[in-house]
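Structural features, examined
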Amino acid sequence: GIFGRAPPFRVRFPPEKSMPATLREQQAKFTSDDDDLSFEGGKLLGGSKKPKVTCERQLQQILRYVSPPRKITSGYGKLNDNGEKMEIPKLVMNRKLQFFMLMCMVLPQVYCWTQLSNEPTPYQQVSRWMGSFKHWRTWMQDPLFWTNFFAMAVERLCYTIVWVRSRWFMKLCKNTFLREWGTPVDVVVRLFFFNKLFQFGGLFFWYYYSAPWFSVANVTLFQWITGLQLFIFGQVLNNAIYRAIGKAGVYYGVRLGQPVAYCTGFPFNVFTAHPQYFGSVATALGVGVIATTPAHEKAGIFGVCCSVIFQYVYMGIVEEQF
């Protein structure tokens, strides 16, 4: 449970004598009474009492062995393993891959706008979607809209605290029951799943109570094509991020004392600014396009999509400015 001991599915190391030396040092440092949470040689000072190897970490190691990221340094290019400064490798955009992904988005839309003539046509649907914004005052007065907004904001608040007050968060993970969950990065991962309950719960609550559920038979071909394009594109970016920088990179390891690989490969050679957030927004928009109905459009489904965009833009600004 959330306030109980860690789940029993951890794979634990053998006795301490067979433990790697660096891991024993991390463990001793984390369990000591010293509150110094600074870096030492670019190594992680956090840790759990009982080191573990999860299935997720094993899968990441396999993926990195099969297809390692290109041109990486540790610590986001700031420090190497010896604590020495290193130059950030030059990021070269992959124009061929950019062109390929652009064509994957453009060509299906060209087909839709030139070949689909059954009503409602793509033009009629997009015009109706854009026209729904005239009801924005009604959305702002709807308690369901704000309930969903604040439910999604729980995740943004949590990540803002981790990013801005990272040293305080590391002390919290070390000195409270959270140490049973593992390293500070492991704690953020658990909070991620907890936050998603609020996020998906808020979205489902709003959709269910604002208008009748959509019928698959009423979803047009244009909606299917556009929605699946956005959803697949977003998931490709999200999965590429995990493969490129791993769990530590995704869950703020660079702020929590854990070295993170600096990657110049995909998806950073296609999207330089927050590809993970771009992928999350594209996924949300794809689901919204498929699940929208005239009743939900009037109730504010695209206003909800705008609130998702706003919160991810806010988080991107926080990470850039603080």
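Quick caveat, the model's predicted, so the values are computed rather than measured.

Counting 34 residues, the largest nonpolar core has Tyr159, Phe169, Ile245 and Tyr251 as the members making the most contacts within it. Those elements that place two or more of their residues in this core are α6 (143-164), α7 (166-175), α8 (184-210), α9 (221-250), α10 (275-291) and α12 (301-321). The element contributing the most residues to this core is α8, with six residues. Residues in contact with phenylalanine 169, not counting those within four places in the same chain, are Val162, Pro184, Val187, Val188, Leu191 and Leu256. Among the nonpolar cores identified, the runner-up in size contains 17 residues, and Leu144, Phe145, Val289 and Ile301 belong to it.

With that settled, the discussion passes to α6. Under the 1.5 Å per step criterion, the end-to-end length of α6 is 30 Å for 22 residues, consistent within 8% with the ideal 32 Å. Capping the start of α6, aspartate 142 holds a side-chain oxygen 3.1 Å from the backbone nitrogen of leucine 144, two or three residues further along.

This next bit is on a nonpolar patch on the surface. A surface patch of nonpolar side chains, amounting to about 780 Å² of accessible area, comprises Tyr111, Val216, Leu221, Trp224, Leu228, Phe231, Ile232, Val236 and Val287. Ranked by the residues each element gives to the nonpolar patch, the list is headed by α9, at six residues. The exposure class assigned to phenylalanine 231 is partly exposed, which follows from its relative accessible area of 33%.

This brings us to the packing of α7 against α8. Orientation of α7 relative to α8, taken along the N-to-C sense of each, is 95°, at an axis distance of 9 Å. The orientation of α7 relative to α8 falls into the category roughly perpendicular. Residues Phe169, Met170 and Cys173 of α7 form the contact with α8, whose participating residues are Pro184, Val187, Val188 and Leu191. Per-class residue counts for the contact of α7 with α8 are seven nonpolar, no polar and no charged.

Their axes nearest at 8 Å, the elements α6 and α8 cross at an angle of 170°. Considering their axes alone, α6 and α8 lie roughly antiparallel with respect to each other. Crossing of α6 over α8 shows left-handed handedness. Looking at the contact of α6 with α8 residue by residue, the class counts come to 16 nonpolar, six polar and three charged.

What follows is about the confidence of the model for the chain. Predicted confidence across the chain gives a mean pLDDT of 80, with 72% of residues reaching 70 or more. Looking across the chain, the model is least confident in strand β1 (residues 11-12), with a mean pLDDT of 45, and most confident in helix α4 (residues 122-131), with 96. Contacts of residues 66-77 to residues separated by more than four positions or lying in other chains number 40 contacts, the stretch itself having pLDDT below 50.

Here we come to the environment of leucine 230. One can find leucine 230 in helix α9. It is 8.5 Å that separates the C-alpha atoms of leucine 230 and glycine 279, two residues lying 49 residues apart in sequence. Residues within four places of leucine 230 in sequence aside, it is in contact with Met105, Ala282, Thr283, Leu285, Gly286 and Val289.

Looking now at the environment of leucine 203. Here leucine 203 lies in helix α8. Note on leucine 203: relative accessible area 27%, which makes it partly exposed. Spatially, the C-alpha atom of leucine 203 lies 9.3 Å from that of phenylalanine 145, the residues being 58 residues apart in sequence. Aside from chain neighbours lying at most four places away, what touches leucine 203 is Asn148, Met152 and Val304.

On to the packing of aromatic side chains, then. Tallied over the full model, the rule gives 25 aromatic pairs. By way of ring pairs, the aromatic residues Phe204, Phe205, Trp206, Tyr207, Tyr208, Tyr209, Trp213 and Phe214 are connected into one cluster. Over the ring of tyrosine 312 we find arginine 156; its NZ or CZ atom is 4.7 Å from the centre of that ring. Its guanidinium or amino end placed over the ring of tryptophan 163, arginine 255 lies 4.3 Å from that ring's centre, counting from NZ or CZ.

Now for α7. Among all positions of α7, only Ser166, Phe169, Met170, Cys173 and Lys174 are buried. Seen end-on, α7 carries its buried residues on one side only, within an arc spanning 135°.

Thresholds, definitions, all that
- Residues numbered from 1 in each chain as written.
- Predicted model: local features only at pLDDT ≥ 70, side-chain atom pairs only at ≥ 80, totals over all residues.
- Heavy atoms only, no water.
- Core = buried A, V, L, I, M, F, W, Y, C linked by side-chain atoms within 4.5 Å.
- Buried < 20%, exposed > 50% of the residue type's maximum accessible area, 1.4 Å probe, protein only.
- Helix = DSSP H or I, 4+ residues; strand = E, 2+ residues; numbered from the N terminus.
- Contact = heavy atoms within 4.5 Å.
- Expected span 1.5 Å × (residues − 1).
- Polar contact = N/O pair within 3.5 Å; in protein donor to acceptor, adjacent residues only side chain to side chain.
- Patch = residues over 30% accessible without salt bridge, like charges linked within 9 Å, V, L, I, M, F, W, Y side chains within 5 Å.
- Areas by Shrake-Rupley, 256 points an atom, 1.4 Å probe, with all protein chains shown as cover.
- Salt bridge = Lys/Arg side-chain N within 4 Å of Asp/Glu carboxyl O.
- Axes fitted to C-alpha atoms, helices over the stretch in contact; angles between N-to-C directions.
- Parallel < 35°, antiparallel > 145°, perpendicular 65-115°, else oblique.
- Nonpolar A, V, L, I, M, F, W, Y, C, P; charged D, E, K, R; others polar.
- Left-handed = near helix turned anticlockwise from the far one by under 90°.
- pLDDT = per-residue confidence, 0-100.
- Phe/Tyr/Trp six-rings, centres within 6.5 Å; stacked < 30°, edge-to-face > 60°.
- Lys NZ or Arg CZ within 6 Å of the ring centre and 35° of its normal.
- Arc of directions from axis to C-beta.

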